[in-house]
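# Close look at the chain arrangement
What follows is each chain in one-letter form.
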Amino acid sequence: MVLRLDEVSVSVTTPDGELVLLQPMSLTLAEHRIGLIGGNGSGKSTFARLLNGLVEPTTGHVTIDGLDTVDDGPAVRRAVGFVFTDPGAQLVMPTCLEDVALSLRRTVKDRAARRAEALAILEAIGLGDKADTSVHALSGGQKQMLALAGVLATSPRVLVADEPTTLLDLRNTAIVADRLFSLSQQLVLVTHDLDLARRCDRVLVIDDAQVVFDGDPDAAVEHYRASVLS
Ligand SMILES: Nc1ncnc2c1ncn2[C@@H]1O[C@H](COP(=O)(O)OP(=O)(O)OP(=O)(O)O)[C@@H](O)[C@H]1O
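Going by what an unreviewed UniProt entry lists, the protein is known as ABC transporter ATP-binding protein and is assigned to Aeromicrobium fastidiosum.

### Quick look at the sheet that holds strand β10 (residues 210-215)
The strand order β6-β7-β8-β3-β9-β10 describes an open sheet built from six strands, whose pairing is mixed. Of all the strands in the sheet, the pair left with one neighbour each is β6 (80-83) and β10. Ignoring strand direction, the axes of neighbouring strands in this sheet form an average angle of 15 degrees. Here strand β3 (residues 33-37) runs beside strand β9 (residues 202-207); their pairing, made up of four bridges, is parallel. Its bridge partner being in β9, Ile37 is matched across the sheet by Val205.

### Let's talk about the site of the ligand
Within the structure, the ligand sits among 13 residues, and Asn40, Gly41, Lys44, Ser45 and Thr46 are positioned closest to it. In this structure, an oxygen atom belonging to the ligand sits 2.7 Å away from a main-chain N or O atom of Gly41. Between the ligand and Glu163 there is a distance of 3.2 Å, counted from an oxygen atom to a side-chain nitrogen or oxygen. For the shell around the ligand, the elements supplying multiple residues, two or more each, are β2 (17-29) and α1 (44-50). Broken down by element, the residue count for the shell around the ligand peaks at three residues, all from α1.

### So, a positive patch on the surface
Taken together, the side chains of Arg78, Arg105, Arg106 and Lys109 present a region of like positive charge at the surface. Relative to the helices and strands, Arg106 resides in the loop between α3 (96-104) and α4 (111-124).

### What about the UniProt feature "domain: ABC transporter" (unreviewed entry) in the protein?
Residues annotated in UniProt with the feature "domain: ABC transporter" (unreviewed entry) correspond here to residues 3-230. In the segment residues 3-230, helix accounts for 36% and strand for 28%; the C-alpha atoms at its two ends are 33 Å apart.

### Here's the deal with the nonpolar core
Ile37, Val100, Leu122, Leu146, Leu159 and Leu180 are the most contacted members of the largest nonpolar core, which totals 44 residues. The biggest single contributor to this core is helix α5 (residues 140-152), with seven residues. Residues in contact with Ile37, not counting those within four places in the same chain, are Lys44, Thr191, Leu194, Ala197, Val203, Leu204, Val205, Ile206, Ala220, Val221 and Tyr224. Counting 27 residues, the second largest nonpolar core, distinct from the first, contains Leu5, Leu50, Ala79 and Ile206.

Analysis parameters
Residues numbered from 1 in each chain as written. Predicted model: local features only at pLDDT ≥ 70, side-chain atom pairs only at ≥ 80, totals over all residues. Heavy atoms only, no water. Pairing = 2+ DSSP bridges. Helix = DSSP H or I, 4+ residues; strand = E, 2+ residues; numbered from the N terminus. Axes fitted to C-alpha atoms, helices over the stretch in contact; angles between N-to-C directions. Near = heavy atom within 4 Å. Polar contact = N/O pair within 3.5 Å; in protein donor to acceptor, adjacent residues only side chain to side chain. Patch = residues over 30% accessible without salt bridge, like charges linked within 9 Å, V, L, I, M, F, W, Y side chains within 5 Å. Areas by Shrake-Rupley, 256 points an atom, 1.4 Å probe, with all protein chains shown as cover. Salt bridge = Lys/Arg side-chain N within 4 Å of Asp/Glu carboxyl O. Lys, Arg positive; Asp, Glu negative; His and termini not counted. Charge placed at Lys NZ, Arg CZ, Asp CG, Glu CD. UniProt positions renumbered as here; feature names shortened; annotations may be inferred. Core = buried A, V, L, I, M, F, W, Y, C linked by side-chain atoms within 4.5 Å. Buried < 20%, exposed > 50% of the residue type's maximum accessible area, 1.4 Å probe, protein only. Contact = heavy atoms within 4.5 Å.

Right, here's the structure in full:
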């Protein structure tokens, strides 16, 4: 997939005037795994949300394989799955099975087949015994795996994950990260975990609403470290 930002900027109007969340930028992202790193409030989430139309550009255009995120919103949202930091934001059904089944409703019309496929998905992520358990009874790591499985069940062609491991301990971070990095889909990963950033093919460093480095992951991490420590 080719993710293209063409002269894109994002700003909002506040009581104090115009606030620029992203300065004008043009980028083409076609690598399998793209990392976004940078300090708190630098603009990473805004950038990530542009990619599936959750945030609309104030100027310019964002396209996903030619689909415009504003003009072709529904098609873009089918193509680009989004995983939030807090899995609670996207677990909407009472039980684990129902939650995954909800994600399958567009592709699997038959109820019994949908249930069977949802159960297979839960088994694949080690939650086969939690099918009828409340989503609220899961641990943080289990919730994030379930949220991820739900998004993947919609068969997106790109996955955008906004700090998906920030709330997780070391073990669960490893489990979720291994799942993310095993995907055949294109991945855009916003992260404060510099080890994960290093596993990407290309890393953008965002600072003060601008891309200040774009390229080799190790060099990007060094650039970010140096900017923080200087
Ligand atoms: N709708 C909005 N209205 C006003 N300010 C906003 C809005 N959305 C984001 N901001 C501000 O824009 C800046 C960038 O936010 P963003 O969430 O993109 O940062 P981030 O790099 O993802 O930060 P973090 O690492 O803390 O998650 C922040 O200062 C934030 O408060």
